[in-house]
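Understanding the architecture of this molecule
As a plain string of letters, each chain reads:
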Amino acid sequence: MQKLPRVQTRFIRFRDRKHPLRLRVGGELDDFTLAYEMYGKMNSDRSNVILLFHAMTGSQHAAGYNPEVPGVDGRWTEENHIGWWDAFIGPGKALDTRLFCVLCVNYLGGCYGSTGPASINPKTGRRWAADFPVLRMCDIVDSQMRLLDELGVRQLHAVIGASIGGFLALTLATRYPDRVRIVVPIGTGPETTIYHRIINFEQITAIESDPNFRGGNYYDGPPPETGLALARRIAHKTFVSLEMLSERARSEVVPHKPPHGWYEMNHPVESYMLHQGLKFVKRFDANTYLRILDAWQWFDLAAEAGAADLPSAFERCRSQKYLVFSIDSDLSFPRSEQEKLVQLLKRAHVPCIWITVHSEKGHDSFLLEPRLYTPHLQQELRG
């Protein structure tokens, strides 16, 4: 395997009592940290920056090799060491770092260096835990706009987001329409669907019903690993097509002992799903998971953009260009969701290109198949 360039997470702390980050549901943060990584260099007028929003359980580490992030309580496991979009970012790749500076930030509320429930509350000296404030998508966007301001980036060349990262990209585009030129939503949509609500509610109840959850105040004892692992399994089946699940599970060894009670697993896919949950709990925090799910459940693009309705929100975006990707085997965000988005853009007279990727890999295609996306990204970004 080609040796990857070594990169390092950077941290920026915002402390301003006179101008705190005011949160949509109420409350404010006047002291918070964001963890981020940058690839490539900004040009002289800082007009070549691409902001990349990671998906729900992703991180700021999008490219290269980063074996260590300090202060994350062992959650930076080997699975995190290679950037989650490394095949897309670098010289000559879809996001060409010879031309662009790519910025990726761990969400506010996250667990990979940005201030979140597992962080120390500077006012108390103890972990935030259950006291960490409720977040909405616009709060995450607003925090990252402060980072852009600090870096001197007035207008982004592009914003890119897949899955719920696409929610954030759309929120930025409609909330700050003059701050971005190109918008690339991948495998996402303009709203939280009924299917999302059901799947997300199952995950929330899985975590909260774990006796170790203790209302979110579990950091001084055993974490709610059983509930978090179950939540991950509930979600995982929506990320991957059934054909791909079967293929991935084929080499799994089925254990002969029941994992929890009397039921003895008898198929590789059960063993595979059990492993996915057990692996995940080593690298993620349950309170962060719940904060992001809550923001997803309450996502309201028009309201968070400060618009009367969705058509009004997109009417602000006529100076932008959109490249919308669908994945034909996507179970989580089916093509009908991108069709809703594209119709809204057309009615608002916003320039838009809509590409459907034909893949057998389901929602995760955007992570796994750069050759299906790269030509279109290069064409639009290089313009």
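The residue numbers shown here count from 1 along each chain, following its written sequence. The model is predicted, so local features are restricted to residues of pLDDT at least 70 and side-chain atom pairs to those at 80 or more, both for listing and for counting; the totals for chains, interfaces and linings are taken over all residues. Water and hydrogen atoms were dropped before computing side-chain values, which therefore reflect all heavy atoms in the structure.

So, the overall build of the protein chain
So the rule is basically this: Here a helix means four or more residues in a row that DSSP labels H or I, a strand means two or more in a row labelled E, and each is numbered from the N terminus. Atoms counted for the radius of gyration: C-alpha only. Globule rule: 2.2 Å times the number of residues to the power 0.38. Between two residues, a contact is recorded if the distance between any of their heavy atoms is within 4.5 Å. Reported accessibility uses the Shrake-Rupley method at a 1.4 Å probe radius. Residues are deemed covered only where the shown protein chains occlude them. When charges are counted, Lys and Arg contribute as positive and Asp and Glu as negative, whereas His and the chain ends are disregarded. A single reference atom marks each charge: NZ on Lys, CZ on Arg, CG on Asp, CD on Glu.
What the protein chain contains, in helices and strands, is 12 helices and 10 strands. Against the 2.2 N^0.38 benchmark of 21 Å for 383 residues, the protein chain shows a C-alpha radius of gyration of 20 Å, consistent with a compact globule. Reported as C-alpha extents along the three principal axes, the dimensions of the protein chain are approximately 60 × 50 × 45 Å. Expressed as a percentage of contacts within the protein chain between residues at least 6 apart in sequence, the contacts between residues at least 24 apart total 73%. Carbon together with sulfur atoms contributes 52% to the accessible area of the protein chain, which is approximately 16900 Å² in total. Distance between charge centres in the protein chain, computed from 45 positive and 43 negative side chains, equals 5 Å.

With respect to the nonpolar core
Defined as follows: Buried residues of nine kinds, namely Ala, Val, Leu, Ile, Met, Phe, Trp, Tyr and Cys, make up a nonpolar core once their side-chain atoms join them within 4.5 Å. For every residue, the accessible area (1.4 Å probe, protein chains only) is compared with the maximum for its type, and the residue is labelled buried under 20%, exposed over 50%, or partly exposed between those bounds.
Of all hydrophobic cores here, the largest spans 86 residues; its most connected members are Leu103, Tyr289, Phe314 and Tyr322. The next biggest cluster of nonpolar side chains, apart from the first, holds 31 residues, and it includes Trp84, Ile182, Leu323 and Leu381.

A short note on the pattern of salt bridges
Heads up, the rule is: Salt bridges are counted wherever a side-chain nitrogen of Lys or Arg sits within 4 Å of a carboxyl oxygen of Asp or Glu.
Here the structure, examined in full by the defined rule, presents 18 salt bridges. In this structure, Arg98 and Asp96 form a salt bridge, with 2.7 Å as the shortest nitrogen-oxygen distance. A relative accessible area of 60% places Arg98 in the exposed class. Linking Lys340 and Glu191 is a salt bridge whose minimum nitrogen-to-oxygen distance equals 2.6 Å. Pair noted here: Lys340 is in helix H10 (residues 335-347) and Glu191 is in the loop between strand E8 (180-186) and helix H3 (194-208), with a separation of 149 residues, a long-range link. Given a relative accessible area of 35%, Lys340 falls into the partly exposed group. According to the relative accessible area criterion, Glu191 is partly exposed, its value standing at 31%.

Section: the packing of helix H1 (residues 137-151) against helix H2 (residues 164-175)
Under the convention used in this document: Between the N-to-C directions of two axes lies an angle of 0 to 180 degrees, each axis being a line fitted to C-alpha atoms and, for a helix, fitted only over the stretch in contact. For classification purposes, angles smaller than 35 degrees are called roughly parallel, those larger than 145 roughly antiparallel, those between 65 and 115 roughly perpendicular, and all remaining angles oblique. Each crossing gets its hand from how the near helix is turned against the far one by less than a right angle, where anticlockwise is left-handed and clockwise is right-handed. Only Asp, Glu, Lys and Arg are considered charged in this grouping, and only Ala, Val, Leu, Ile, Met, Phe, Trp, Tyr, Cys and Pro are considered nonpolar; every other residue, Gly among them, is considered polar.
Running from N to C, H1 and H2 point in directions that differ by 65 degrees, and their axes come no closer than 9 Å. One finds that H1 runs roughly perpendicular with respect to H2. Judged by the twist between their axes, the crossing of H1 over H2 is right-handed. Along its contact with H1, which presents Met137, Cys138, Ile140, Val141, Asp142 and Met145, the element H2 presents Ile164, Phe167, Leu168, Thr171, Leu172 and Arg175. Residues that form the contact of H1 with H2 fall into these classes: 9 nonpolar, 1 polar and 2 charged.

Concerning the environment of Ser241
Along the polypeptide, Ser241 turns up in the loop between helix H4 (225-239) and helix H5 (242-249). For the pair Ser241 and Ser332, spaced 91 residues apart in the sequence, the C-alpha separation amounts to 9.7 Å. Dropping the residues within four chain positions of it, Ser241 is found in contact with Glu360, Lys361 and Gly362.

Focus on the pairing of strand E7 (residues 156-162)
Basically, it comes down to this: Being paired, for any two strands, means DSSP has found at least two bridges between them. Look down the strands so they point away from you; if the path from the first strand over the helix to the second goes clockwise, the crossover is right-handed.
Across the 7 residues that make up E7, a large majority, 7, are buried. As paired elements, strand E5 (residues 49-53) and E7 share 4 bridges and run parallel to each other. Paired with Ile50 across the two strands is Ala158, which belongs to E7. Across 6 bridges, the pairing between E7 and E8 is parallel. If you follow Ile160 over to E8, its bridge partner there is Val184. What joins E7 to E8 is H2, and the crossover it makes is right-handed.

Quick word on the sheet that holds E7
As summarised here, the arrangement of the 8 strands in space is E1-E4-E6-E5-E7-E8-E9-E10, forming an open sheet in which the pairing is mixed. A strand with exactly one partner marks an edge of an open sheet, and here the two such strands are strand E1 (10-15) and strand E10 (352-357). Along the sheet, successive strands turn relative to each other by an average axial angle of 20 degrees, direction set aside. Direction of pairing for strand E9 (residues 321-327) relative to E10: parallel, over a ladder of 6 bridges. Counterpart to Tyr322 in the pairing with E10 is Cys352. Here H10 sits on the sheet in contact with E8, E9 and E10, set at roughly 160 degrees to E9.

So, the packing of H3 against H4
At a minimum axis separation of 7 Å, H3 and H4 run at an interaxial angle of 160 degrees. Considering the angle they form, H3 stands roughly antiparallel to H4. Along this stretch, H3 crosses H4, giving a crossing that reads as right-handed. Taken together, the residues of H4 that come into contact with H3 (itself represented by Tyr195, Ile199, Glu202, Gln203, Ala206 and Ile207) are Gly227, Leu228, Leu230, Ala231, Ile234, Ala235, Lys237 and Thr238. Across the contact of H3 with H4, the residue classes break down as 9 nonpolar, 3 polar and 2 charged.

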